[in-house]
Structures are given as structure tokens and as C-alpha cells.
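# Fold and contact review
Spelled out from the first residue to the last, the chains are:
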Amino acid sequence: MPESIPESLQARIEERLRYYEDLGIRLFYRDRAASGASLATSALTPSQAPSAPIREESSLPRPKSKVMVPVSAEPASRATPVVVPSGPSLFEAVEKVKDDTLVKIREDLGDCTRCKLHKGRNKIVFGDGHPKAELVFVGEGPGADEDAQGLPFVGRAGKLLTQMIEAMGLQRKDVYICNVVKCRPPENRAPEPDEVKTCSPYLLRQIDAIHPKVIVCLGAVAAKTLLETTRGISQFRGEWQEWRGHKLMATYHPAYLLRNPPAKADVWKDLQKVMAELGLQLPKKKSS
Ligand code: URA
């Protein structure tokens, strides 16, 4: 006789399974409840509420990849370079800061008034997560929820991003999440070139300080900013790029997935390549 589970938990399991189905994962093992680190249970862990204080890196080892068998994926060496237009690079002029840390970068940013976005913001959304994460997600810019809380990706799109991270067998605290611009653009418009240019040095310093193995650009603004390209994201999403010594993958923004759920399958394919690069695999459960 199977043990009964509370209705609220059952509802959450059902919701989670529907989400996996949306991602194209349909094969589950019958004894899924038995496995400690199972996909279903890890995804059901209450969301690791991202905390505003920046964690000092010295006490924190880089999070270890959990399960080490790579899933099939395009090798990173088959990277298709995105053509970078000629002209001065956004990042060339950024001076490397010796022994830079997220704490220093946040201090340097201060109560920033360097661009016009400061006028309408409530909180600067610097970034959140593990200061030595192997995986960094870069979004576009804060929305209303993020502006109110001072944390990246905490609204509807953020909840979907959290589900995506958990579907990879990770938790938000294992990765680092930040945006191209740190202040909310009015009416959620796309950040303008002068705003991107002003904020980019801080993003670059964040990435340099974390030194992740993989960067995932969420959406066209992040991808076009980092890769300094005008190509549409659909032309190169899911393909490995080399960016300043890091592997970079562009994929669709979670907000786009909320409007266009069938694209979740593409994003899941992209994330599986990222998992392979990081030595992560969907946790397997024993069949009975
Ligand atoms: N969209 C983004 O690009 N970033 C956030 O932090 C939230 C929504």
C-alpha cells in the first residue's frame, strides 16, 4: 500500500511533472520517490530564496557538479563563432581589477547615478548567487518585482528560470544570476545603448571575478551585448560560443517562454548541452 502524501505536495508534484512534460521529458521511473537526489524531489525543494547580501568567496568552495556522466551534446569545440562587427569593443576599455571580488564591485557601483536608469529605480539589482559559480546566467534587466526586491529573476520569468535551474539538478544558490543593466528600465523597455555601455564594465567585472566555466545568456539583449553582434538570437542559440575564455551559450529568455511555451523544448536542449559541459546529468532512479 503506497504511503499517502499530502494533497498540497501531490499538486506540486503534478505541476512539476507537467513542467517536465513541457520540456519534453516524459520518461519517469516508477520508484522515483525512493531516490534521494531525484529530479522530482530536488525540484520540489522550496525555492532557495535568494539573499541580498553578497557572499564572500573565500569561505565558499566552487560548487561541485553533482552527477558526472555527460549526456550527449555537441562538443564545445564545434563552436560556431558569431561574427563580431568591427568597431571598438564594449569591453576592451574595461581595466582588469587585480583580485577583484563581487563585494568590491558592489562597493564601486555604490548608489549608482551613472546613467538615466537610476532616476526610476527603487533598488539596484546587482546579482545573486554563488560567488564562484561554474554557471552564470545573464538576463536583460530588472523588472518590477526585481526592482522592488533588489534581486534578479524573482518575478514570473524568474520562477520559470528557477524551475529550469532545478530541472538541471541544480539550485539557485549553486549558480550566479545577474543582468546586463542593474536598474529597471521604465515600462520594462529594452535597455538603451548608452545604458548598456555604462553598466557593462560592472557585468564584465562580475564575470571575471566569478570566472565561471559556462555563461548562459538569457535572451537577445544579453547575447547581443556580450557577443557584440547584431545577429538575431535564433540564428545562434544553442551553439557554443567562445567569450573571453569562457564557453557561452545563448538561449531564449524565460519571459519569451511564458509567451511561447513550445520554445521550452529548444531551451531544454540548450540547457542539456550546458549540463554536459558541466558534467551534470539528469539524476537517474533505479527501476524496481
Ligand atoms: N528579466 C530579466 O532579464 N532579468 C530579471 O532580473 C528579471 C526579468
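It should be noted that the structure appears before, not after, this text.
Residues numbered from 1 in each chain as written. Predicted model: local features only at pLDDT ≥ 70, side-chain atom pairs only at ≥ 80, totals over all residues. Heavy atoms only, no water.

This part covers the packing of aromatic side chains. If you walk through the whole model with that rule in mind, you get one aromatic pair. The ring centre of Trp-243 lies 5.7 Å from the NZ or CZ of Arg-244, which sits over that ring. (Phe/Tyr/Trp six-rings, centres within 6.5 Å; stacked < 30°, edge-to-face > 60°. Lys NZ or Arg CZ within 6 Å of the ring centre and 35° of its normal.)

Turning to the sheet that holds strand 1 (residues 128-129), a few remarks are in order. With respect to topology, six strands assemble into an open sheet ordered 1-3-2-4-6-5, the strand pairing being mixed. Looking at which strands have only one partner, the edges of the open sheet turn out to be strand 1 and strand 5 (240-243). Here strand 2 (residues 135-139) runs beside strand 4 (residues 214-218); their pairing, made up of four bridges, is parallel. Note that in strand 4 the partner of Leu-135 across the bridge is Val-214. (Pairing = 2+ DSSP bridges. Helix = DSSP H or I, 4+ residues; strand = E, 2+ residues; numbered from the N terminus.)

This brings us to the site of the ligand. Neighbouring the ligand are the residues Gly-139, Glu-140, Gly-141, Glu-146, Pro-152, Phe-153, Asn-179 and His-253. Take Phe-153: an N or O atom from its main chain is 2.9 Å from an oxygen atom of the ligand. Asn-179 is positioned such that a nitrogen or oxygen atom in its side chain is 2.8 Å from a nitrogen atom of the ligand. Computed on the free molecule, the ligand has an accessible area of 240 Å², of which 91% lies beneath the protein chains in the complex. Residue composition of the shell around the ligand, grouped by class: two nonpolar, four polar and two charged. (Near = heavy atom within 4 Å. Polar contact = N/O pair within 3.5 Å; in protein donor to acceptor, adjacent residues only side chain to side chain. Areas by Shrake-Rupley, 256 points an atom, 1.4 Å probe, with all protein chains shown as cover. Nonpolar A, V, L, I, M, F, W, Y, C, P; charged D, E, K, R; others polar.)

If you trace the backbone, Glu-192 turns up in the loop between strand 3 (176-179) and helix 6 (193-210). Placed eleven residues apart in sequence, Glu-192 and Val-181 show a C-alpha to C-alpha distance of 9.7 Å.

Attention shifts here to the pairing of strand 5. Strand direction decides the pairing type here: strand 5 and strand 6 (residues 246-251), joined by four bridges, are antiparallel. Bridge pairing in strand 6 links Trp-243 to His-246.

We now examine the pairing of strand 6. Within strand 6, six of the six residues are buried, which leaves the element mostly enclosed by the surrounding structure. Of the two faces of strand 6, the one carrying His-246, Leu-248 and Ala-250 and the one carrying Lys-247, Met-249 and Thr-251 are both buried. Where strand 5 hands over to strand 6, the hairpin turn is made up of two residues, of which Arg-244 adopts a positive phi near 45 degrees. (Buried < 20%, exposed > 50% of the residue type's maximum accessible area, 1.4 Å probe, protein only.)

Turning our attention to the pattern of salt bridges. Going through the model one piece at a time under the given rule, you end up with 17 salt bridges. Residues joined in a network through salt bridges with shared partners are Lys-116, Arg-189, Glu-192, Asp-194 and Glu-195. (Salt bridge = Lys/Arg side-chain N within 4 Å of Asp/Glu carboxyl O.)

Leu-135, Phe-137, Val-138, Met-168, Leu-226, Trp-243 and Val-274 are the most contacted members of the largest nonpolar core, which has 66 residues in total. When residues of this core are assigned to their parent elements, the largest contribution, eight residues, is made by helix 6. Apart from residues no more than four positions distant in its own chain, Val-138 is found in contact with Cys-178, Asn-179, Val-180, Leu-203, Ile-207, Ile-215, Val-216, Cys-217, Leu-218, Ala-222 and Leu-226. (Core = buried A, V, L, I, M, F, W, Y, C linked by side-chain atoms within 4.5 Å. Contact = heavy atoms within 4.5 Å.)

Function cannot be inferred from these measures alone, as they are strictly geometric.
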